[in-house]
Amino acid sequence: MSIDLTENSITKEVQSTFDGCHDARTREVFVALVRHLHDFTREVRLTGEEWFTAMDFLERVGKITTATRQEYVLLSDILGLSVLVDLINDQSRPSATDSTLLGPFYVEGRPTAPNGADISAGIVSGMPLFFTGRVVGPAGDPIPGARVDTWHSDGDGLYDVQQAERLHGHLAMRALLTTDGEGRFWYRSIAPRYYPVPTDGPCGEIIRAAGRSPMRPEHIHFRFHAEGYDPLITMLFRGDDPYLAGDAVFGVKRSLVVDFVQHEPGTAPDGTVVDEPFQTVDWTFTLSPSTG
């Protein structure tokens, strides 16, 4: 290894340390990372104080991250990296439902629920929401047995994991369902609401420094897995939401904007009688056959 490196010679020296990588992709990624990171540092003439601030920032991102609060995912989201990765890797056919980012509030240990269940668990109050969905292939043929993850905020724009103390650790407004023989799934919950991404941590400092809005439009998340089909991560956005054109994490796609239909008290899609106003959403999701 060389000594007395200069501002310009150090980059190739660091890159050469990856020459012994057994995996070609690992070498490719790290050589490119070093090149861009060093070029960025030279371009902005990064100071020692700014470097220390960056290291402190990343440390704080790690410290605030938990199993239910993914601050690193949020950092990726607000910098547009999450959506960029999705756009680069979206190999779905034109007939398939568009994908978008996972978001920081997905939870692996979500409860399993039968179709028709109230996934709000009766814990959170808000306007009733009845969702009916169908999962099909490109030709419109139903996909039975598809696993459907769904999760969303409450009527105040908060997810269950953001109010764990009030909910005594219970999960709500999220579930894993399975489509029936006709590819259908349905559930009852409460209508979500637009909300700000968490700004009480390090990512909030970036948002405030940039003078950006932290708001996300009203939406419902979905994650699909079905044998013989590519997985799909997507979400549906309320069509008349005031923040559609200014999503803090850049996730809105026109094809995913749908009607959240408002109803007066009466009979819901599942046949139950509701004595207060409620909303319905009905949507068909199309998966791409797996090529692997």
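Summary of the structure given here. Every residue gets a number counted from 1 within its own chain, in the order that chain's sequence is written. With pLDDT at 70 or above as the cut-off, local features in this predicted model cover only qualifying residues; side-chain atom pairs require 80 or more to be listed or tallied, and sums for whole chains, interfaces and linings still use all residues. Derived side-chain values reflect all non-hydrogen atoms in the structure, with water molecules and hydrogen atoms excluded from consideration.

### Looking at the packing of helix α3 (residues 48-64) against helix α4 (residues 71-78)
Applicable threshold: To get an axis, fit a line to the C-alpha atoms, keeping to the stretch in contact for a helix; angles then go from 0 to 180 degrees between the N-to-C directions. The numbering of helices and of strands both runs from the N terminus, where a helix is a DSSP run of H or I of at least 4 residues and a strand a run of E of at least 2. An angle counts as roughly parallel when it lies under 35 degrees, as roughly antiparallel when it exceeds 145, as roughly perpendicular when it falls between 65 and 115, and as oblique in every other case. Contacts: residue pairs with any heavy atoms within 4.5 Å of one another. Note that Gly is not counted as nonpolar here; it falls among the polar residues with everything else outside the nonpolar set of Ala, Val, Leu, Ile, Met, Phe, Trp, Tyr, Cys and Pro and the charged set of Asp, Glu, Lys and Arg.
Axis separation between α3 and α4 bottoms out at 8 Å; the angle between their running directions is 125°. Between α3 and α4, the angle falls in the class oblique. On α4, the residues that touch F57, L58, V61, G62 and I64 of α3 are E71, Y72 and L75. Looking at side-chain class alone, the contact of α3 with α4 contains 6 nonpolar, 1 polar and 1 charged residues.

### Some remarks on the sheet that holds strand β2 (residues 147-152)
Let me state the cut-off plainly: By the convention used here, strands pair only if DSSP detects at least 2 bridges between them.
Spatially, the 5 strands line up as an open sheet ordered β3-β2-β7-β8-β9, and their pairing is mixed. The outermost strands of the open sheet, each flanked by one partner alone, are β3 (174-178) and β9 (257-258). Of the strand pairs in this sheet, strand β7 (residues 219-225) and strand β8 (residues 232-238) are connected by 6 bridges, and their pairing is antiparallel. The residue bridging H221 from the neighbouring strand is M235, located in β8.

### What to know about the pattern of salt bridges
Definition in use: A side-chain nitrogen of Lys or Arg and a carboxyl oxygen of Asp or Glu constitute a salt bridge if their distance falls within 4 Å. Between buried and exposed lies partly exposed: a residue is buried under 20% and exposed over 50% of the maximum accessible area for its type, with that area taken using a 1.4 Å probe on protein chains only.
This structure, assessed with the given rule, holds 17 salt bridges. Here R69 ties to E71 by a salt bridge, and the two come within 3.0 Å at their closest N and O atoms. The exposure class assigned to E71 is buried, which follows from its relative accessible area of 1%. One salt bridge connects D160 with R174, and the closest N-O pair in it is separated by 2.8 Å. Taken as a pair, D160 in the loop between β2 and β3 and R174 in strand β3 lie far apart in primary sequence, 14 residues in all. Considered together, D160 and R174 belong to a single accessibility category, that of buried residues. What you see here is one network of salt bridges that share partners, running through D56, R60 and E205.

None of this, on its own, says anything about what the molecule does.
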